[in-house]
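# Observations on chain architecture
What follows is the residue order along each chain.
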Amino acid sequence: MQPATAKWYDRRDSVIIEFCVADSKDVKVNFDKKKCGFSCFRGTDNVKHENEIELFEDINENGSKHKRTDRSVLCYLQKAHPGKAWPRLTKDKAKLSWLSVDFNNWKDWEDDSDEEMGNFDQFSDMMNNMGGEDDLPDLDGADDDESADSDDEKMPDLE
């Protein structure tokens, strides 16, 4: 028996944990006010994974849920105190080798207002809609021959 590799991230009203176990079966997830328990068997080799996490803060166990996919098990933990950031997942500060932060989904929401996030989304859309190098505007005659530097002379052929 070994712990499953897991990633987590924080949201305003929830904490998301992803247990990375491909082809999991016999998945069991237990939510308690102060703990989250996970166990399953992995794919064809039937390795048993088991994790028990003493959580940083309390959760609402009735509002928490999980979903199994082919590649992982996602757990949605509803915070008992929404709007309070969790600096870490566990109560203890000890570094767990199987647990890491999911930086792809992490965002610092504490100082963000909804309006600022809307502006960020508009900026992201604008950046995604920009064309390639061929679409760059003319930069005030940067390609004009009259503005050529003295070091732009033709180099002699090599012998």
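It should be emphasised that the depicted structure is a prediction, and the values quoted were computed from it without experimental measurement.

## A short note on the packing of aromatic side chains
- Inspection of the entire model under this criterion finds 3 aromatic pairs.
- For the pair W8 and W106, a centre-to-centre distance of 5.2 Å together with 90° between the ring planes defines the contact as edge-to-face. Of this pair, W8 sits in strand 1 (residues 6-10) while W106 sits in the loop between strand 8 (99-101) and helix 1 (114-129), and the two are 98 residues apart along the sequence.
- The exposure class assigned to W8 is buried, which follows from its relative accessible area of 3%.
- Here the aromatic rings of F19 and F38 are separated by 4.1 Å at their centres, their planes lie at 0°, and the arrangement is stacked. One end of the pair, F19, is in strand 2 (residues 14-19); the other, F38, is in strand 4 (residues 35-42), with 19 residues separating them in the sequence.

## So, the sheet that holds strand 4
- The strand order across the open sheet built from 3 strands is 3-4-5, with neighbouring strands paired in antiparallel fashion. Every other strand in the sheet has two partners, leaving strand 3 (24-31) and strand 5 (47-54) as the edge strands with one partner each. Going from strand to strand, the sheet's axes swing by 5° on average, the running direction of each strand aside.

## Focus: the sheet that holds strand 7 (residues 73-79)
- Here we have 5 strands laid out as an open sheet, ordered 6-7-2-1-8, and mixed in their pairing. Unpaired on one side and paired on the other, strand 6 (59-68) and strand 8 mark the two borders of the sheet. Sheet twist, expressed as the mean angle between neighbouring strand axes with direction ignored, is 20°.

## Concerning the pairing of strand 4
- As paired elements, strand 3 and strand 4 share 6 bridges and run antiparallel to each other. Across the sheet, residue N30 finds its bridge partner in strand 4, namely G37.
- Here strand 3 hands over to strand 4 after 3 residues, the two strands then running antiparallel side by side.
- One ladder, built from 8 bridges, connects strand 4 with strand 5; its direction is antiparallel. Its bridge partner being in strand 5, F38 is matched across the sheet by N51.

## Topic: the pattern of salt bridges
- The full count for this structure, using the stated rule, is 8 salt bridges.
- Where R42 meets D45, a salt bridge forms, and the shortest distance between an N and an O atom there is 2.8 Å.
- Between E57 and K84 there is a salt bridge, and its shortest N-O distance comes to 3.1 Å. Placement of E57 in the loop between strand 5 and strand 6 and of K84 in the loop between strand 7 and strand 8 is noted, with a sequence separation of 27 residues between them.

## Remarks on the nonpolar core
- In terms of nonpolar packing, the biggest core is built from 22 residues, with I17, F19, F38, L55, C75, L77 and L89 touching the most fellow members.
- If you list the elements that add at least two residues to this core, you get strand 1, strand 2, strand 3, strand 4 and strand 7.

## A word on the side chain of S72
- With respect to the secondary-structure elements, S72 resides in the loop between strand 6 and strand 7.
- Only 2.8 Å separates the side chain of S72 from the side chain of E18, close enough to count as a polar contact.
- Beyond its immediate sequence surroundings of up to four residues, S72 is in contact with E18, F19, C20, V21 and K67.

## Observations regarding the confidence of the model for the chain
- On average, residues of the chain score 81 in pLDDT, and 72% of them reach the 70 mark or higher.
- Counting interchain partners and residues more than four positions distant, the pLDDT-below-50 stretch residues 114-120 has 3 contacts.
- This stretch, residues 131-137, has a pLDDT under 50; its non-local contacts, to residues over four places away or in other chains, come to 0 contacts.

What counts, and where the lines are drawn
- Residues numbered from 1 in each chain as written.
- Predicted model: local features only at pLDDT ≥ 70, side-chain atom pairs only at ≥ 80, totals over all residues.
- Heavy atoms only, no water.
- Phe/Tyr/Trp six-rings, centres within 6.5 Å; stacked < 30°, edge-to-face > 60°.
- Helix = DSSP H or I, 4+ residues; strand = E, 2+ residues; numbered from the N terminus.
- Buried < 20%, exposed > 50% of the residue type's maximum accessible area, 1.4 Å probe, protein only.
- Pairing = 2+ DSSP bridges.
- Axes fitted to C-alpha atoms, helices over the stretch in contact; angles between N-to-C directions.
- Salt bridge = Lys/Arg side-chain N within 4 Å of Asp/Glu carboxyl O.
- Core = buried A, V, L, I, M, F, W, Y, C linked by side-chain atoms within 4.5 Å.
- Polar contact = N/O pair within 3.5 Å; in protein donor to acceptor, adjacent residues only side chain to side chain.
- Contact = heavy atoms within 4.5 Å.
- pLDDT = per-residue confidence, 0-100.

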